[in-house]
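Understanding the architecture of this molecule
So you can see what is in the structure, the chains are spelled out below.
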Amino acid sequence: MPPQCCPPVITSLVQDPLDAETMQVNTGAYRKTNCGPDEQQAARLEVNHASQNFEAMTTQEQLSYMQERIAKLKEVVKIRCAETTRLEVEGERMKERFLKLENDFTALRQDFSKTNEKTIALGQEALRQNNEIATLLKESRTHCTADGHLFKQATPVNSKRIAKRPVAHHSPSTSLELGRKVEVAWHQPTSSNSELSETEKQMIERHGLMTAQPHSGCGPPIKYRKMWGRLVLAAAVLLRACVHSQAVNETDSLSCITESKGIHVPGTVPCNPYEPLQHHLAYAGPNGMTIESPEVYYGTSPFDLCSVAAGYSVTYPTSRVYDNHVKITGLKPNTKYWYRVQYQLSVACPSSQVHRATDTFVTARKAGDETPFSIAVVVDLGLMGRDGLSTSVGPLGGSSAAANPLGPRDLNTIQGLLQNKDTYEFIAHYGDIAYADYFIKESWQGYFGSDSLIPNVTSVVDGYNSLLEQYYDQMTPLTSSKPYMVGPGNHEANCDNGLRVGYSGTTDKVHNITYTTSICTPGQTNFTGYINHFRMPSDESGGNGNFWYSFDYGLAHFITLDSETDLPVGLQSPDEAGGADAGADNGPFGYPNEQIQWLEKDLAGVDRNKTPWIIVGLHRPWYIAAQNDSGDVCLACQQAFEPLFLKYNIDLYMQGHVHLYERNKPIANYSIDPAGLNNPKAPWNIVNGAAGHYDGLDTLEGSPYWSEVAFDTIDVLSSAYGWSRLTFHNRTHLTHEFVSSANGTVLDSATLYKAHDFHY
């Protein structure tokens, strides 16, 4: 046999030295191998030996051999010819299918173009008639009697955004019928309620077709009523068009103009209502990633997004959007991927024929990867700008007014995180996300103006959604490329989480009105929005939804816990019935003792050789320089978790809830570890609830002995919003920095040394 370094093909080829092509291939094969001269000579001798065997045959034997060989070759040729014929036929069929698909596509494109032109024409005509009617309606007021002064000019009601949920499709017949009914309503105002259904009336009012019904016979002059009906008809038809996409205090033209440049204005209805927005990532183990989208196209090159992952969509009562979730698996650890989401090309408006930028993400590092890395940590981060934290506060708050507005040149925390985006791998947010439940407080403090001081159930539904959607839009430039790992806080619980023991509810001191959770609809209670919007790696870690879970990243094992519900039996959970946030009545979300049992199992299973660092995040603190009540100081949380923190030698746990910054000494059972940050046995505790939201910062209560550094609102230097950056240098050194959101200055820094020589 030929030497092992020669190609295996030679072994079969030398068996038939009579084939001239085979001999030629053999010769070429020898030249292409890495065989040395000796090995090549041995192979040639083997071929010559086979040739000599053939020459030693008698003429009859050679003839028989060749006839047998020819018969086999004919069979092979016959089979290959048949296969070639089959492939040719299949190719013709595929060609026919391709031509048919191409024709169908051309026809569809032509139909779409015609429909789009008609829609644009309808929109332009409706806008023209709207301007004409606005003028005519001013004149019509002279026809109203003094008793009919409630008839108002029809102006668009502020429509709320419908991002991710397509606008309702109304057929022309539906629109005609709606237009007819509205025209009848204006001819016969006293009988309008009987003809218009509740859904139709809501549709009309929602889209600004009428803001008030005439009464006592007062309405547009008869000669204008048919024109009004036609206007309503045109506007109803436009529910299908991009012109419909109107947001709070934003115009359609602004939405489409900005989106034509690939930019979405936070809080507005997208020009393409089908395009998924509010993108956010979450790790799903070292080989997976969860993305907000019904479908994702991805790959390791921006020019090769050939892989596709499909997910699912969920919604709930009162939500104006669909939350979409795709989990991509089978990825490589610590690898950069490019991705696009379904419907990301804005095709709904003629001016928006552009792609948004292709996004990227990097998968988690494998456990044991010793490469240094940093992460960002925030707690108590709310909406920034417009209806959130800004350079002003509501003017009617009095002693309960919001405090610490931004300076005129300050960056807010979201902007600060964006500016430092390349300095960390992912964002951990341990509770109090968006502060959408502050809509009630912002209303009575006059933050929305003097016309919206007293909220009701309907305005709370829309207002809560508006603040929530604005926040997720604002975070998208971060969360679309940096995984966003969240935990629960009390402000995710419901639409009015201002309740505390000893208080009856959120009190409007201006109008002497007390609000309770009775103003919240079912879709805005019991952490419903939080449950639907996020997908944390609880499946991969055996946890429970977005409430408790864990994951590995390089040298660290990260754990997120729920301080709001599901504390062990015998301890009062703050957000469950009877807790510090009385009246909330949330959860539990697991069976009795499920969270604490899971935590011990998870800690016991950590391989400290691979992940020597254990970092825990939860919302409520127990070592804090704040008012000593059960709302701010969670002693039940301490009793539940601190014993396990000590038993399993966790290194650092981070909290918030109280809106200030406090870096504590390593402490357990109220005893300071004498080693300080030099290999302490007690865990290190840092409270950073200073990320910022509408209500501002809190003030320190005294100076407890466990506190090393603390910032609140007392002086200019410390009256700062900020976020935390953790840097894992190696197996033994970890640095925490408190970074000012306003200008990126590091206001406080400390490094922990841990030997990590475990013997258990």
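Throughout, a residue's number is its position along its own chain's written sequence, starting from 1. With the structure being a predicted model, the display of local features is reserved for residues of pLDDT at least 70 and the display and counting of side-chain atom pairs for 80 or more, all residues being used for whole-chain, interface and lining totals. Side-chain measures here rest on the full set of heavy atoms in the structure, leaving out hydrogens and waters.

A few words on the overall build of the protein. Here a helix means four or more residues in a row that DSSP labels H or I, a strand means two or more in a row labelled E, and each is numbered from the N terminus. Broken down by element type, the protein carries 16 helices and 27 strands. For the protein, with 760 residues in total, the buried portion stands at 52%. The contact definition used throughout considers only heavy atoms, calling two residues in contact when any of these lie within 4.5 Å. Within the protein, contacts between residues at least 6 apart in sequence are counted, and of these 73% link residues at least 24 apart. For every residue, the accessible area obtained with a 1.4 Å probe (protein chains only) is divided by the maximum for its type, and the residue is called buried under 20%, exposed over 50%, and partly exposed between those limits.

Mapping aspartate 562 onto the fold places it in the loop between strand E17 (556-560) and helix H15 (594-604). In this tally, Lys and Arg are treated as positive and Asp and Glu as negative; His is ignored, and so are the chain termini. By definition, a salt bridge exists where a carboxyl oxygen of Asp or Glu is found within 4 Å of a side-chain nitrogen of Lys or Arg. An unpaired buried charge is present at aspartate 562: no salt bridge exists, and arginine 620, the closest side chain of opposite charge, is 7.8 Å distant. Between N or O atoms, a polar contact is any pair within 3.5 Å; within protein, one atom must be a potential hydrogen donor and the other a potential acceptor, and residues adjacent in sequence are included only when both atoms are from side chains. Reaching out from aspartate 562, the side chain makes a polar contact with the side chain of threonine 565 at a distance of 2.5 Å. Discounting chain neighbours no more than four positions away, the residues touching aspartate 562 are Pro488, Phe547, Trp548, Leu567, Gln595 and Phe641.

Computed over the protein atoms alone on a 1 Å grid, cavities are sets of points where a 1.4 Å probe fits but cannot get out and pockets are open sets with protein on both sides within 12 Å along at least five of seven lines; a residue lines them when it has an atom within 4 Å of a point. Grid points are joined across faces, edges and corners, and a volume is the space filled by probe spheres set on the points. A full pass over the atoms with the stated rule returns four cavities of 30 Å³ or more. Approximately 90 Å³ is the volume found for the largest cavity. Lining of the largest cavity is provided by Gln278, Tyr316, Ser319, Arg320, Val321, Asp323, Asn465, Leu468, Glu469, Tyr472, Gly529 and His533. Those elements that place two or more of their residues in the lining of the largest cavity are helix H12 (457-479) and helix H13 (528-533). For the lining of the largest cavity, the element with the highest residue contribution is H12, accounting for four residues. Three residue categories are used. Nonpolar comprises Ala, Val, Leu, Ile, Met, Phe, Trp, Tyr, Cys and Pro, charged comprises Asp, Glu, Lys and Arg, and polar comprises the others, including Gly. For the lining of the largest cavity, the class distribution of residues is four nonpolar, five polar and three charged. By volume, the second largest cavity is sized at about 80 Å³. Around the second largest cavity, the lining residues are Ile433, Ala436, Tyr464, Leu468, Tyr472, His491, Glu492, Gly529, Tyr530 and Phe534. Listed by contribution, the elements that provide at least two residues to the lining of the second largest cavity are H12 and H13. When residues in the lining of the second largest cavity are grouped by element, the largest group, three residues, is from H12. Here the residues of the lining of the second largest cavity sort into seven nonpolar, two polar and one charged.

Take the pattern of salt bridges next. Scanning all chains against the criterion turns up 15 salt bridges. Of the charged contacts in the structure, one is a salt bridge between glutamate 540 and lysine 327, with a shortest N-O distance of 2.9 Å. Pair noted here: glutamate 540 is in helix H14 (residues 538-541) and lysine 327 is in strand E6 (residues 323-328), with a separation of 213 residues, a long-range link. By relative accessible area, which is 38% here, glutamate 540 ends up partly exposed. For arginine 608, the salt bridge is made with aspartate 651, and the minimal N-O distance between the two is 3.5 Å. Of the two residues, arginine 608 is situated in the loop between H15 and strand E18 (613-617) and aspartate 651 in the loop between helix H16 (635-647) and strand E19 (652-655); the sequence distance between them amounts to 43 residues.

As a further point, take a nonpolar patch on the surface. Judged by side-chain polarity, Leu635, Tyr670, Ile672 and Tyr705 come together as a nonpolar surface patch covering roughly 350 Å² of accessible area. Its location among the elements puts tyrosine 670 in the loop between strand E21 (667-668) and strand E22 (671-672). Overall, tyrosine 670 belongs to the partly exposed group, its relative accessible area being 35%. Nonpolar side chains (Val, Leu, Ile, Met, Phe, Trp, Tyr) are joined into patches within 5 Å and like charges within 9 Å, using only residues with over 30% relative accessible area and no salt bridge. Using a 1.4 Å probe, the Shrake-Rupley method yields the accessible areas, and only the shown protein chains count as cover for residues.

Let us look at the side chain of threonine 413. By the secondary structure assignment, threonine 413 is in helix H10 (residues 413-419). According to the relative accessible area criterion, threonine 413 is buried, its value standing at 1%. Those residues in contact with threonine 413 that sit more than four places away from it in its chain are Val378, Leu381, Met384, Ala691, Tyr721, Gly722, Trp723 and Ser741.

Of all hydrophobic cores here, the largest spans 114 residues; its most connected members are Tyr471, Phe558, Leu561, Leu599 and Phe641. Broken down by element, the residue count for this core peaks at eight residues, all from H12. Other than its neighbours up to four places away in sequence, leucine 599 contacts Ile559, Leu561, Phe641, Leu644 and Phe645. Counting residues in each nonpolar core, the second largest holds eight residues, with Ile624, Ala625, Ala626 and Val658 among its members. Nonpolar core, defined: a set of buried Ala, Val, Leu, Ile, Met, Phe, Trp, Tyr and Cys residues in which side-chain atoms within 4.5 Å join the residues together.

Take the state of the cysteines next. Cysteine sulfur atoms are paired as a disulfide whenever they fall within 2.5 Å. Scanning all chains against the criterion turns up two disulfides. Across the disulfide, cysteine 634 is cross-linked to cysteine 637 (sulfur-sulfur distance 2.1 Å). Disulfide cysteine 634 to cysteine 637: torsion about the S-S bond roughly 65 degrees, handedness right-handed. For cysteine 637, a relative accessible area of 0% gives the class buried.

An α-helical turn contains 3.6 residues, so any two residues separated by three or four positions project in the same direction. Taking 1.5 Å of rise per residue, 23 residues should cover 33 Å, and H12 covers 31 Å from first to last C-alpha, within 8% of that figure. Counting buried positions over the 23 residues of H12 gives 18, a clear majority of the element. The backbone nitrogen of threonine 458 lies 3.1 Å from a side-chain oxygen of the residue at the head of H12, namely asparagine 456. To estimate how far a helix should reach, multiply one less than its number of residues by 1.5 Å.

Strand pairing in a sheet is mediated by backbone hydrogen bonds. Such pairs are either parallel or antiparallel. For two strands to be treated as a pair, DSSP must find no fewer than two bridges joining them. The antiparallel open sheet is built from four strands, whose spatial order is E1-E2-E6-E5. Each edge of the sheet is formed by a strand with only one pairing partner; in this case those strands are strand E1 (281-283) and strand E5 (312-314). The average undirected angle you get between the axes of adjacent strands in this sheet is 25 degrees. As judged from the three bridges shared by E5 and E6, these two strands associate in the antiparallel manner. Bridge pairing in E6 links serine 313 to asparagine 324. Only C-alpha atoms enter the line fits that serve as axes; for helices the fit covers just the stretch in contact. Angles between N-to-C directions range over 0 to 180 degrees.

A few words on H15. Listed as buried for H15 are Glu594, Gln595, Ile596, Trp598, Leu599, Asp602 and Leu603. Elements that come into contact with the buried residues of H15 comprise H14, strand E16 (549-553), E17, E18 and H16.

Topologically, lysine 336 is positioned in strand E7 (residues 336-341). What makes lysine 336 partly exposed here is its relative accessible area of 43%. Sequence spacing of lysine 336 and threonine 360 is 24 residues, and the spatial spacing of their C-alpha atoms is 6.8 Å. Apart from the residues within four sequence positions on either side, lysine 336 is in contact with Thr300, Thr360, Phe361 and Val362.

What follows concerns the confidence of the model for the protein. Per-residue confidence for the protein averages 76 on the pLDDT scale, and 67% of its residues sit at or above 70. Counted against residues more than four places away or in other chains, residues 346-354, with its pLDDT under 50, gives 34 contacts. Scored from 0 to 100, pLDDT reflects the predictor's confidence in each residue. The low-confidence segment residues 500-504 (pLDDT under 50) makes 12 contacts with residues lying over four places distant or belonging to another chain.

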